[in-house]
Amino acid sequence: MDTSALRAKFLGAAAAASDEAALEEVRLAALGKKGEISALMASLGKMEPEERKAAGALLNILRDEIDSALRAKKAALGDAALDARLKSEWLDVTMPARPRRIGTIHPVSQVMEELTAIFADMGFAVAEGPQVETDWYNFDALNIPPEHPARQEHDTFFMHRDAGDDRPPHVLRTHTSPVQIRAMTEKGAPIRVIAPGRVYRMDMDQTHTPMVHQVEGLAIGKDISMANLKWVLEEFCRAFFEVDKVELRFRASHFPFTEPSAEVDIRYSNVGGQLRIGEGDKWMEILGSGMVHPKVLAAAGVDPTEYQGFAFGMGIDRLAMLKYGIPDLRAFFDGDLRWLRHYGFAALDMPDLAGGLSA
Amino acid sequence: MKFSLSWLKDHLDTTADLDAILYALTDLGLEVEEVVNPAAKLAPFTIARITHAEQHPDADKLRVCRVETDEGEKQIVCGAPNARAGITVVLCKPGDYVPGIDVTLGIGKIRGVESHGMMASERELELSDEHNGIIELSSGEVGQKFTDWLAVNRPAVVDPMIHIKITPNRPDALGVRGIARDLAARGLGTLKPMPIPQIKGGFASPVQVQIDPALRAKGCPHFAGRTIRGVKNAASPDWLAQRLKAIGLRPISVLVDITNYFTFGLNRPLHVFDVAKVQGALRIAPAKGGEEFLALDGKTYTLRAGMMAISDDAGVESLAGIMGGEVSGCSDATTDVFLESAYWDPITIATTGRALKINSDARYRFERGVDPAFTLDGLDLAAQMILDLCGGEASDIAQDGAPIDTARAYRLDPARVISLVGMDIPAETQRKTLQDLGFTLNGDMATPPSWRPDVLGEADLVEEVARIASLTKLQGKPLPRAAAGVPKPILTPLQIRERTARRTLAALGYNECVTYSFIDEAAAAMFGGGADATRVDNPISSEMTHLRPDLLPGLLRAAARNQARGFADLALFEVGPVFTGGEPGDQHIQASGLLIGSIAPRDPYGSRRIADTFDAKADVEAVLAALGAPARVQISRKLAQWWHPGRAGVIGLGPNQIATFGEVHPRILADMGVKGPAVAFTVLIANVPLPKVKTATKPALALSDLQAVERDFAFVVDAGVEALVAVNAAIGADKDLIESVRLFDQFTGERAEAQMGAGKKSIALGVRLQPQGKTLTDAEIEAVSAKVIETVTKATGGSLRS
């Protein structure tokens, strides 16, 4: 049997097919039920065994060859069709992306979390207290009796009192220090807490707002000293400002609720309006601190002959301004979208010590 | 508190230079706020001598001088009439800045003759107004710095003024001597002795004094004075005038200046009455109320009942310890003066001063506390000065009452000092420090000096020792961890939720605001607040009168400001405290978000769409999910007045409301000047229940190999039927088999009503069945479907849509 003519015919037809339909026609003509090769295969049964064997082998080879050719051609046609489609599917990829709103975290929240991360590592929990306070918690318990000059200097906001209610008016807390009393009263000693939050002073001008954020620190134990206070604050500043060389100056001062008391200055330079912490020859006051006054411990139910420790308070907004170069305190509370976007932080910028606070 | 270096040196014998003194002051707790050093502007000038002076060839009034200077001989043209050979002058060279004429000199040519500098007049160096000629010095070497010459010959004009901040506990430092004592204790010199003169009165004081019994115990325990007769009250001598001028006080007359000198020098405010104008005895008594009093500041004050005043037969002559009166004040005509020295109770003075709003140097000192044991000594020191400067003769002392007893003692425990401060200060040093500050030590008991009313316990001794030892020198010591090992988490569940809410909202594209806790009354009232309980009695402005009852008014105000700046699309949020009342604890944490304008800017894909209630709902659900609220909640319309009554909902768990979302009431927006519509939500963070299970382990994941089956149902219901009713009914049809139900379509409006009848709508639910254990048969699926149809139609009063 000579299959060369058939072979040439169908291979030629397969190669010439211009689309899948034409190719299918070729397949049917050759290998379909009524196709020529199928017909020849069917005729094998009528042959003598010897002849059948030889012809069968030839036909099998032919059938496989044509089948491969058809498949190859089908793949090639598919590729060509895909190429043609892809050519038509051009997009201007410089067009804008679908819009997605980007939110931000306020610098005050961010800095509060930074503070918390640092002090948590040193074993400080976060305590809270009410912002409307009794004058006892805000003043008396902190060793500021009613006529103490310091009480006048607090520029206190007083809450309304109904006629007939003869209690002293409540105040908007002027500092976070009353949380010291509440925390010690509740948890006793030893204790280590920080208390971040809003405080209020009657003060509004270029550099003051009637509400600011403060963080209180309190560490009470059997042998906690002012030297420990200095170390804690040095460590805090080094971690917070993320500079290895931080220099603090402790300056004797006076707060009724600490004794001895110190104001703490940080060394900085001002180069072209940019503040740099840890260098230069200027000092900026950043916080007040001291050893908790025995009367304050006693007011909170802690035995001052057994326990001692330190407290400090610093301005969170001010820390944020210093660290992130934010110029104007008043803008913190204005909600100007441009400011929020510029000075705000991404949702996933979560400060932790492992990754660095502002990394 | 201001003082000059030379005033300090009246009390402190020291060789320390200005910088060392300034450093020590700040370190001691007497923080230096400002230093004005007049020598600084005179630093470049040197002393020179004119060797020849000739007539200028072209100008009658000019002379060409040859001047011997530290840089050799120079030619200088000078117009001063006294410029002549042989005089010693002050030289300003080319390049020097001359303060009195505000000029930096160059080499000049005057009428054709070169001039290498100038010789200065007093006015040109701002030393005085003298300008009739150049300065002629009576001494001085060529080349000597002029400031060095001034320091020796006219120290007052180069006297640095130092301004320090005094903390309220240090009244003693409101006198120069107290500051000197601190510096001496630090080791910067020694405190000079101050002998008290022995004055023998020559006659009984014609002005007698009497303290009302009502004030004797507290308000005015001790009042003393002397009459000095035959005085001449003129201008103060230069040294005294200079002392006062150096700290910005205007010299008035020697009698008045002496009282100021004692106020600032020794923290001993005094008062002088013109005896001729005092009628009868001086009585220190509480005011009856209504008395009018013309004070030395020229203002008339009306006294309230109980205010402490000094009166004579004519009426009130002095507001005791706060301000003297105009009527009985001293003038140039005064010949007989009554000098008052008294001790006034700090609290009484503070109360009166505050009530009358008078701030005087006397009030400032008496309310902080002057030395009660120094009343008579101060009187005699001042009387002696009057005798020395004004002449006259002193009377006996007229006095009533006696110095209060300040005696008290506290234990100095050197070991405790070391333990508290964390610095090794030897016991002997500690004792010496206290003694240098005027404490008396008896064994380990320390008695504070009478001028230190602030020392009220052992802790105060520690502070004195520590600050004199220098806290700047304190070395930090590590604070050991309270417990070894990895620190435990420290945040409370509520604190964590606050953070979670904040981060979730930022992740959803909201910008966090921090707005004031107080708002105006109208805005507070709009949001259910504004009651008197939340009113601030002394607000700083009418915009900040009430504590906020909700976060939305603050956010809406911020939105209005942003709209005014041209930003129309806003997504703002705040997480913070709101106040339900005026008692401590009447506050809780809210998280609120506000969407105004479009959810996206214009773009080619049609993303722009006005934010609506379901945007707010999506975000509030995201926050609730992040806080761990259960997925199944109830939604009610028990809405507060600031929500749109039809387009807002309250999310609750039983009776517990956890959030509200929806459109803000259009009237509220109009009242707050916000261009709407606006949608918002508020989450009451603390109301979201905490999980009952406290384990990190999650429940096992139950996966079924059996294929889930989805069936969709459409129902025709009344337009007012809420979707959640249908969804909950469907879920309840077979709680084991039905995994979830979701509303995926609704058909409402005119066309829907045309098809299904007036007041009707259609809703479509997708129900997902998850077989357990075995594949569902068609019959079982049919049975569940029938159950779904039955429960939904029963719950909604609707029917299956055919």
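Draft legend 1. Quick peek at the overall build of chain B. Helix and strand content of chain B: 22 helices and 41 strands. Its C-alpha radius of gyration of 43 Å places chain B more than 25% over the 28 Å reference for a compact globule of 802 residues. The principal-axis extent of the C-alpha atoms belonging to chain B is close to 130 × 85 × 60 Å. Residue burial in chain B is summarised as follows: out of 802 residues, 42% are buried. Sequence-distant contacts in chain B: of pairs separated by 6 or more residues, those separated by 24 or more amount to 69%.

Draft legend 2. Quick peek at the domain arrangement of chain A. Taken domain by domain, chain A consists of domain 1 (4-88) and domain 2 (107-343). Distance between the C-alpha centres of domain 1 of chain A and domain 2 of chain A: 89 Å.

Draft legend 3. Looking closely at helix H11 (residues 316-324) of chain A. All buried positions along H11 of chain A are accounted for by Ile-316, Asp-317, Arg-318, Leu-319 and Ala-320 of chain A. One or two residues past the end of H11 of chain A sits Gly-325 of chain A, with phi positive at roughly 65°.

Draft legend 4. Focus on the interface of chain B and chain A. On the chain A side, the residues contacting the 84 residues of chain B number 80 residues. Broken down by secondary-structure element, the contributors of at least two residues to the side of chain B that touches chain A are helix H2 (18-28), helix H9 (346-356), helix H12 (414-421), helix H14 (458-469), helix H15 (493-507), strand E29 (511-512), helix H17 (552-564) and strand E32 (570-579) of chain B. Broken down by element, the side of chain B that touches chain A gets its largest block of residues, seven residues, from H15 of chain B.

Draft legend 5. Structural context of helix H4 (residues 146-153) of chain B. Residue and element names in this part refer to chain B. Of the positions making up H4, those classed as buried are Phe-146, Trp-149 and Leu-150. End-on view of H4: buried residues confined to an arc of 100°, all on one side of the axis. Of the surrounding elements, those touching the buried residues of H4 are helix H3 (39-42), strand E4 (46-56) and strand E7 (88-92).

Draft legend 6. Highlighting unusual backbone geometry. Omega for the bond connecting Ala-189 of chain A with Pro-190 of chain A falls within 30 degrees of zero, at -5°, which places this linkage in the cis form. Along the chain, the position of Pro-190 of chain A falls in the loop between helix H8 (178-187) and strand E4 (191-200). The step from Glu-259 of chain A to Pro-260 of chain A runs through a cis peptide bond, and the omega angle for that step is -5°. Here Pro-260 of chain A shows up in strand E7 (residues 258-271). Here Asn-267 of chain B, not a glycine, exhibits a phi torsion of approximately 50°, which is positive. Looking at the secondary structure, you find Asn-267 of chain B in the loop between helix H8 (254-266) and strand E17 (271-274). Of note, the phi angle at Ser-470 of chain B is positive, near 95°, even though the residue is not glycine. Structurally, Ser-470 of chain B is set in the loop between H14 and H15.

Draft legend 7. Molecular detail of the sheet that holds strand E25 (residues 393-401) of chain B. Residue and element names in this part refer to chain B. Pairing is antiparallel across the open sheet formed by four strands, whose spatial order is E17-E24-E16-E25. Of all the strands in the sheet, the pair left with one neighbour each is E17 and E25. Here the average twist between neighbouring strands, direction ignored, is 20°. Of the strand pairs in this sheet, E17 and strand E24 (residues 336-343) are connected by four bridges, and their pairing is antiparallel.

Draft legend 8. Main features of the environment of Val-36 of chain B. Residue and element names in this part refer to chain B. Position of Val-36 relative to the elements: it lies in strand E3 (residues 31-36). A count of 14 C-beta atoms within 10 Å places Val-36 in the partly exposed class. Taking the C-alpha atoms as reference, Val-36 lies 14 Å from Met-1; in sequence the two are 35 residues apart.

What counts and what doesn't
Residues numbered from 1 in each chain as written. Chains lettered and ligands numbered in written order. Predicted model: local features only at pLDDT ≥ 70, side-chain atom pairs only at ≥ 80, totals over all residues. Helix = DSSP H or I, 4+ residues; strand = E, 2+ residues; numbered from the N terminus. Rg over C-alpha atoms; globule rule 2.2 N^0.38 Å. Buried ≥ 20, exposed ≤ 12 C-beta atoms within 10 Å, placed from the backbone. Contact = placed C-beta atoms within 7 Å. Domains from an automatic or database assignment. Arc of directions from axis to C-beta. Pairing = 2+ DSSP bridges. Axes fitted to C-alpha atoms, helices over the stretch in contact; angles between N-to-C directions.

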